[in-house]
Amino acid sequence: MKKLILLLLVFTTTASISFSQTRYIVKLKDKAGTPFSISSPGAYLTARSIARRTRYNIAIDSTDLPITPRYIDSIRLAGAVTILNVSKWLNQVCIQTSDATAITKINSFTFVSGTIVPVGSRTQAATAVNKQLDAQGTASGNGTFSPLGTNDFYNYGQSYGQVHLHSAEFLHNHGFRGQGMQLAVLDAGFYHYLSLPTFDSIRNNGQVLGTWDFVAGNASVDEDDSHGMDCLSTIAANLPGTFVGTAPKTSFYLFRTEDAATENPVEEQNWAAGAERADSLGVDVFSTSLGYTTFDNPAYNHTYADMNGNTTIMAKACDYAAKKGIISVLAAGNDGTSAWHYISTAADADSGLTVGAVATNRQVANFSSYGPTSDGQIKPDVAATGLGAIIANPSNGQPTSGNGTSFACPNMAGITTCLWQAFPEVNNMDVIDALRKSGDRYTTPDDRTGYGIPDAKNAYVRLLKKLYTQTIAVNNCKTNIQFNIKGDTSARFVIERKLATEAGFSAIANLQASGTYAAKTITYDDDLSAIALQTIRYRIKMSISADTTFYLDSATVNYNTSCGNPPPGATEKITIGPNPVKDNLFINIVRNNAVSVKIVLNTTAGQKIYSLENQQPAGTQIYTIPVKGLARAVYYITVFINDKKEVTKKLLLL
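Residues numbered from 1 in each chain as written. Predicted model: local features only at pLDDT ≥ 70, side-chain atom pairs only at ≥ 80, totals over all residues. Heavy atoms only, no water.

Side note on the sheet that holds strand S34 (residues 644-652)
Inference 1: Pairing in this open sheet of 4 strands is antiparallel, and the strands run S31-S30-S33-S34 from one edge to the other. The open sheet has two edge strands, strand S31 (608-616) and S34, and neither has a second partner. If you compare each strand with its neighbour and ignore which way they point, the axes differ by 15 degrees on average.
Inference 2: Where strand S30 (residues 595-603) meets strand S33 (residues 634-641), 7 bridges bridge the pair, whose relative direction is antiparallel. Within S33, the residue paired with threonine 603 across the bridge is tyrosine 635. (Pairing = 2+ DSSP bridges. Helix = DSSP H or I, 4+ residues; strand = E, 2+ residues; numbered from the N terminus. Axes fitted to C-alpha atoms, helices over the stretch in contact; angles between N-to-C directions.)

Some thoughts on the side chain of asparagine 85
Inference 1: Locating asparagine 85 in the fold gives a position in strand S4 (residues 82-87).
Inference 2: For asparagine 85, a relative accessible area of 7% puts it in the buried group.
Inference 3: Among the polar contacts made by the side chain of asparagine 85, one reaches the side chain of glutamine 269 at a distance of 3.0 Å.
Inference 4: In contact with asparagine 85, not counting residues within four places along its chain, are Val93, Cys94, Phe214, Gln269, Asn270 and Ala273. (Buried < 20%, exposed > 50% of the residue type's maximum accessible area, 1.4 Å probe, protein only. Polar contact = N/O pair within 3.5 Å; in protein donor to acceptor, adjacent residues only side chain to side chain. Contact = heavy atoms within 4.5 Å.)

Observations concerning the sheet that holds strand S29 (residues 584-591)
Inference 1: Taken together, the 3 strands give an open sheet; going across it, the order is S28-S29-S32, and neighbouring strands pair in antiparallel fashion. Because the sheet does not close on itself, it has two edges, and the strands there are strand S28 (573-577) and strand S32 (619-626). Averaged over all pairs of adjacent strands, the angle between strand axes in this sheet comes to 15 degrees, irrespective of strand direction.
Inference 2: Two elements, S29 and S32, share 8 bridges in a ladder whose sense is antiparallel. By the bridge assignment for S32, leucine 585 is matched with isoleucine 625.

What to know about the packing of aromatic side chains
Inference 1: This model, assessed by the stated rule, comprises 20 aromatic pairs.
Inference 2: Geometrically, the ring pair formed by phenylalanine 176 and tyrosine 517 is edge-to-face, given 4.8 Å between the ring centres and 70 degrees between the ring planes. Separated by 341 residues along the polypeptide, phenylalanine 176 in the loop between helix H5 (169-173) and strand S9 (182-187) and tyrosine 517 in the loop between strand S24 (506-512) and strand S25 (518-527) bring together distant segments of the chain.
Inference 3: A relative accessible area of 21% means that tyrosine 517 is categorised as partly exposed.
Inference 4: One aromatic cluster is present, built from ring pairs that chain together Phe170, Phe176, Phe423, Tyr460 and Tyr517.
Inference 5: The lysine or arginine in question, arginine 448, covers the ring of tyrosine 370, its NZ or CZ lying 3.9 Å from the ring centre.
Inference 6: One residue, arginine 539, lies across the ring of phenylalanine 505, its end atom 4.0 Å from the ring centre. (Phe/Tyr/Trp six-rings, centres within 6.5 Å; stacked < 30°, edge-to-face > 60°. Lys NZ or Arg CZ within 6 Å of the ring centre and 35° of its normal.)

Here it is in structure tokens:
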């Protein structure tokens, strides 16, 4: 395995290694004869998994169907064969056997596609070659470890820096801490997660929903490698004032897919099997701090050309996960200073969110792998804290520091989970898009941090606006304003208005949402009975507590139908503006009786360049004079009422 952490220590062994093949992938042609049906998905998908597909209009198709059972039985009964796992998405079976006769027989089956492919060597060495150990040390260095202010929900202690880098405390403070969400961590083991105090909250609250070891074929993952535990800690830790993760209220599935003692392509197959199980259970987000480029047997090695998002087992499975509505958050890799240099798989998957490593002071980690993919896609997508990241010490669960995109990945996975919790109406790609666009390099992406370091508050506002709708229209001398927005009592709205003759906007209403966080419909009627007919602009400003203020949208309405004749004795007037003018000049004329109106625009030399005539009924009417495109100069506007000159005004055209 190549754990995605900075290489500090390397162990080698003088023991000889045998690359005797024992594990194979059997690819199948079809799913003929399956007893399962697309119309009855409850037999192989949980209600939660089906609900995800329904919510995002994802059709259940043949890739959801389990592999035909009789195919599996035939392969198992071909000789001394053990079924290790299967991938229904890729329609292939992973087996273990040393029985050459069985291999020959399996190759002869009509439902088998091509020759079975070796993916694993039986390693005879007592210890792993080039095994990379977790990079840990004293928690210090690049972060501010003090808690936030009194308004913050959590006292983060030493993990404040990696939370605050993304303004993720904004999500936590507004109630988005992972409740109701499910996240699968696919890794090399979760050493002592059952006893370390770092995880007492998720244990006591029943937030670990299930475990499985796809390497050993059992449910126990507590005794294996500590790498997955460290990654989990950046999300799930809840030690107030000491160490708090990025989504501590999330529910988890912990899957071991990586054999830390060896490096074989079978581990990619394990990941695919784990991803499929997580999908069938209804998981929302994957966090994967694993990556593959080279293997114990060099014959299996990937090339950079393979890093195109469509070649490796893991990348293909990741793309299937995206099609099922899941967000895969993936570590970019730690080969930035090596000859390989580039990202590993599945970081090349085009539909995943690949994460590079930075420090909390935004310094790019030199070990963080470079993009792009071999077909030119921007990778990594974003970056998070992986240099001097706060993780759990495997001995006592207390915070220590670690280096690697392994830790940047789960930091971002937790933030992604909390953000999606706030907006379950949008799909996985919308969430990824919002995080990319919130990055500090979105307009100038590079090959180290991609679109940059995401800001959770910015991404939240983007998704809020994506769901926002409004209707603003004039009816019966009122502007009816109605808009739909998600919010709670922390949401306040200012409606601003600009009349044609005014230089700027003015606030006309202050409104507040009520109740708990949900979709709201806010309405307001602006009385226009005392306003002259004209074009009116509106815009709506939203504030969320004291955290952020922004404009939702604007609209222009034409108030061009009088509410009736002005009352007896109403003041007759002519108003012209704005002045100076750039695009349109507005002339408001109020008359007690029907009149003939003529408007003429002249140059200073007396040349007429525009005129308008109209029979105006009693009341108020606005006239729009287009001046955009005219030369910048001084002009004269004259208004005639019943052929009598009423006013002439000098205009400056910008």
